[in-house]
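# Per-entry structural report
Residues per chain are reported as follows:
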Amino acid sequence: MNGRLAVGDKEASETRLTGRRRRTESPQMAGIKALVALSFSGAIGLTFLLLGCALEQYGVYWPLFVLIFYVLSPIPYFIAKRTSDDSDSGSNACRELAYFFTTGIVVSAFGLPVVLARAYLIKWGACGLVMAGNVVIFLTILGFFVVFGGGDDFSWEQW
């Protein structure tokens with residue numbers, strides 16, 4: 001057979017060599033794995049935030065106000081998604097306004113710890129931990145919309 005294996009022969013030789021067949025992953029299993037990974041990264045981000053508040057040398061809970069920004073950040077996108085049509089024609093004014101508001105909320109979440117540190121309400125170490133938590137949490141929120149925002153079989157819209 002010229003040294004070439006057909007698809008079925010390749011699978012059979014792989015089964016002989018490893019003793020197992022290669023399993024294909026279902027789309028729902030991939031979605032579950034993504035959800036677990038996003039949950040884990042969200043927990044890490046919240047751990048950074050809580051460490052910035054609860055460590056003995058910091059001991060001030062003012063940075064917890066960034067939780068408000070975490071809750072507010074996806075709301076403009078949700079509203080724009082519901083009110084705009086699904087045409088992929090260039091730019092949509094409602095969607096662009098939602099991106100603008102979301103950017104303002106995210107920048108405010110990064111600005112609040114800096115303002116608190118400049119006003120000597122929190123220490124700069126706590127500010128750094130809150131900033132690290134902000135990066136992780138906002139990347140987690142972005143990852144959620146990238147993974148589950150496609151409108152396919154396993155999307156956030158069905159929950």
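For the structure, check the block above.
Residues numbered from 1 in each chain as written. Predicted model: local features only at pLDDT ≥ 70, side-chain atom pairs only at ≥ 80, totals over all residues. Heavy atoms only, no water.

Quick look at a nonpolar patch on the surface now. Nonpolar side chains collect at one region of the surface, where Trp 62, Phe 65, Ile 68, Val 71, Leu 72, Ile 75, Ile 79 and Leu 121 lie side by side and expose about 740 Å² of accessible area between them. Sorting the residues of the nonpolar patch by element identifies helix 3 (66–72) and helix 4 (75–83) as the ones contributing at least two each. For the nonpolar patch, the leading source of residues is helix 3, giving 3 residues. On the secondary structure map, Leu 72 appears in helix 3. You can call Leu 72 partly exposed: its relative accessible area is 36%. (Patch = residues over 30% accessible without salt bridge, like charges linked within 9 Å, V, L, I, M, F, W, Y side chains within 5 Å. Areas by Shrake-Rupley, 256 points an atom, 1.4 Å probe, with all protein chains shown as cover. Salt bridge = Lys/Arg side-chain N within 4 Å of Asp/Glu carboxyl O. Helix = DSSP H or I, 4+ residues; strand = E, 2+ residues; numbered from the N terminus. Buried < 20%, exposed > 50% of the residue type's maximum accessible area, 1.4 Å probe, protein only.)

For helix 6 (residues 124–148), with 25 residues, the first-to-last C-alpha span of 36 Å sits near the 36 Å given by 1.5 Å per residue. Three or more residues of helix 6 are buried, namely Ala 126, Cys 127, Leu 129, Val 130, Gly 133, Asn 134, Ile 137, Phe 138, Thr 140, Gly 143, Phe 145 and Phe 148. (Expected span 1.5 Å × (residues − 1).)

With respect to the secondary-structure elements, Thr 102 resides in helix 5 (residues 93–118). In this structure the side chain of Thr 102 is engaged in a polar contact, spanning 2.8 Å, whose partner is the backbone oxygen of Ala 98. Contacts of Thr 102, omitting those with residues within four sequence positions, involve Ser 73, Pro 76 and Tyr 77. (Polar contact = N/O pair within 3.5 Å; in protein donor to acceptor, adjacent residues only side chain to side chain. Contact = heavy atoms within 4.5 Å.)

Right, let's talk about the packing of aromatic side chains for a bit. Each aromatic ring pair is summarised here by two numbers: the centre-to-centre distance and the angle between the ring planes. One pass over the full model with this rule turns up 8 aromatic pairs. Ring geometry for Phe 144 against Phe 145: centres 5.7 Å apart, planes inclined by 80°, an arrangement best described as edge-to-face. Relative accessible area serves as the criterion here: at 22%, Phe 144 is assigned to the partly exposed category. The class for Phe 145 is buried, based on a relative accessible area of 17%. (Phe/Tyr/Trp six-rings, centres within 6.5 Å; stacked < 30°, edge-to-face > 60°.)

Next up on the list: the packing of helix 5 against helix 6. Remark: helix 5 packs on helix 6, axes separated minimally by 9 Å, with the N-to-C direction vectors making an angle of 175°. As judged from the angle between their axes, helix 5 and helix 6 are roughly antiparallel. Across the interface between the two elements, Val 106, Ala 109, Phe 110, Pro 113, Val 114, Ala 117 and Arg 118 from helix 5 touch Trp 124, Cys 127, Val 130, Met 131, Asn 134, Val 135 and Phe 138 from helix 6. For the contact of helix 5 with helix 6, the residue count by class is 12 nonpolar, 1 polar and 1 charged. (Axes fitted to C-alpha atoms, helices over the stretch in contact; angles between N-to-C directions. Parallel < 35°, antiparallel > 145°, perpendicular 65-115°, else oblique. Nonpolar A, V, L, I, M, F, W, Y, C, P; charged D, E, K, R; others polar.)

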